[in-house]
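Residue-level listing of the chains:
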Amino acid sequence: MSAGPSGRDPWRRTRVGELGDQLLPRWFVVLALVSVPLAVAAAVGAFAVFGPREVPVAERRPPPPASGDLTSDVGRFAIGASEPQPYADACPRLRGVQVAGTDADRQALRLGLAGLCNTTLPDEVDDRLRRFAAGGGVVRFAQFEATGVDSTARLGADPPVILVNARLQRTDPLWIAPAVAHDVTFLDADPATAAGALAARRVEDLVCDRLLEGRRASRGCNDAEALLALPDPLAALRDAGFQ
């Protein structure tokens, strides 16, 4: 090793290993050992103070946007360009319904919709599903900016459309059924009102209980159950922005 400008070796008094490599001074090593846990503690503390807040259950399905015709505000969203295709083997309850997307998408949607065929439902829910299907209603996946929302719908469109969060492509297909049952509620209820939102959540919870008994529930099912368990779900929904 070359000497410094003064002709003296700056590493002359530095500790070395058995192969002659310089070792860090003891004070530096001690400082590093003390600093690491302090840095970790600071990071944990910062996350606790500034981390994402827990979204109250009443806000997890937001009211409709101020402009537009969606039943739930999902922010920006994207859908594919494929044309809807009839669900040829649908049960009488869903005769006329259409699905869209890739082969895998349509298969998942058919499995989810079939769950609604195999479940005993109240007359009013059965009627809404039949009306949605008779109008050529379309169910398809979409990517939502609000990734935590399971679905939204354009029931005033021709044909009416229910958009299911694309993350449900990779989950239990039966998780699609409660979302569809939730959204057809708004054929008769106003999605902007707390009463309408609560009615839809009750339907969702009913389908979750009847269809997914013994299976893992979706987050949407858990949220519906948690909302209904609140002391005053209507007040919670109004606080979340519903009328």
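Our subject is the structure that appears above.
Residues numbered from 1 in each chain as written. Predicted model: local features only at pLDDT ≥ 70, side-chain atom pairs only at ≥ 80, totals over all residues. Heavy atoms only, no water.

**Some thoughts on the overall build of the protein chain**
Inference 1: When its secondary structure is counted, the protein chain shows seven helices and six strands.
Inference 2: In the protein chain, the succession of helices and strands from N to C terminus is α-β-β-β-α-α-β-β-β-α-α-α-α.
Inference 3: Counting every position in the protein chain, which comprises 243 residues, the buried fraction comes to 42%.
Inference 4: Considering only contacts within the protein chain whose residues lie at least 6 apart along the sequence, 59% involve residues at least 24 apart. (Helix = DSSP H or I, 4+ residues; strand = E, 2+ residues; numbered from the N terminus. Buried < 20%, exposed > 50% of the residue type's maximum accessible area, 1.4 Å probe, protein only. Contact = heavy atoms within 4.5 Å.)

**Here's the deal with the state of the cysteines**
Inference 1: Applying the stated criterion to the full structure yields two disulfides.
Inference 2: Through a disulfide, C208 is tied to C221; the S-S separation comes to 2.0 Å. Handedness of the C208-C221 disulfide follows from its S-S torsion of about -80 degrees: it is left-handed. Of this pair, C208 sits in helix α5 (residues 194-211) while C221 is found in helix α6 (residues 219-228), placing the two residues 13 residues apart along the sequence. (Disulfide = S-S within 2.5 Å.)

**Here we look at unusual backbone geometry**
Inference 1: A cis geometry characterises the amide bond from D158 onward to P159, with omega recorded as 0 degrees.
Inference 2: Along the chain, P159 turns up in the loop between β5 (151-154) and β6 (161-165).

**Re the environment of R215**
Inference 1: Of note, R215 is situated in the loop between α5 and α6.
Inference 2: Residue R215 is classed as partly exposed on the basis of its relative accessible area of 44%.
Inference 3: Along the backbone, R215 and L174 are 41 residues apart, and their C-alpha atoms lie at a distance of 9.7 Å.
Inference 4: Apart from the residues lying within four places of it in its own chain, the contact partners of R215 are D172 and L174.
Inference 5: A distance of 2.9 Å separates the side chain of R215 from the side chain of D172, its partner in a polar contact. (Polar contact = N/O pair within 3.5 Å; in protein donor to acceptor, adjacent residues only side chain to side chain.)

**A look at α6**
Inference 1: Turning to α6, its buried residues are G220, C221, D223, A224 and L227. The arc that holds the buried residues of α6, viewed along the axis, is 165 degrees, so those residues lie on one side.
Inference 2: Where α6 is buried, its residues touch α4 (176-184), α5 and α7 (233-239). (Arc of directions from axis to C-beta.)

**Topic: the packing of helix α2 (residues 103-117) against α4**
Inference 1: Relative to each other, α2 and α4 sit at 65 degrees, their axes nearing to 8 Å. One finds that α2 runs roughly perpendicular with respect to α4. The way α2 lies across α4 gives a crossing that is right-handed. Facing A108, L109, G112, L113 and L116 of α2, the residues of α4 in contact are I176, A177, V180 and A181. (Axes fitted to C-alpha atoms, helices over the stretch in contact; angles between N-to-C directions. Parallel < 35°, antiparallel > 145°, perpendicular 65-115°, else oblique. Left-handed = near helix turned anticlockwise from the far one by under 90°.)

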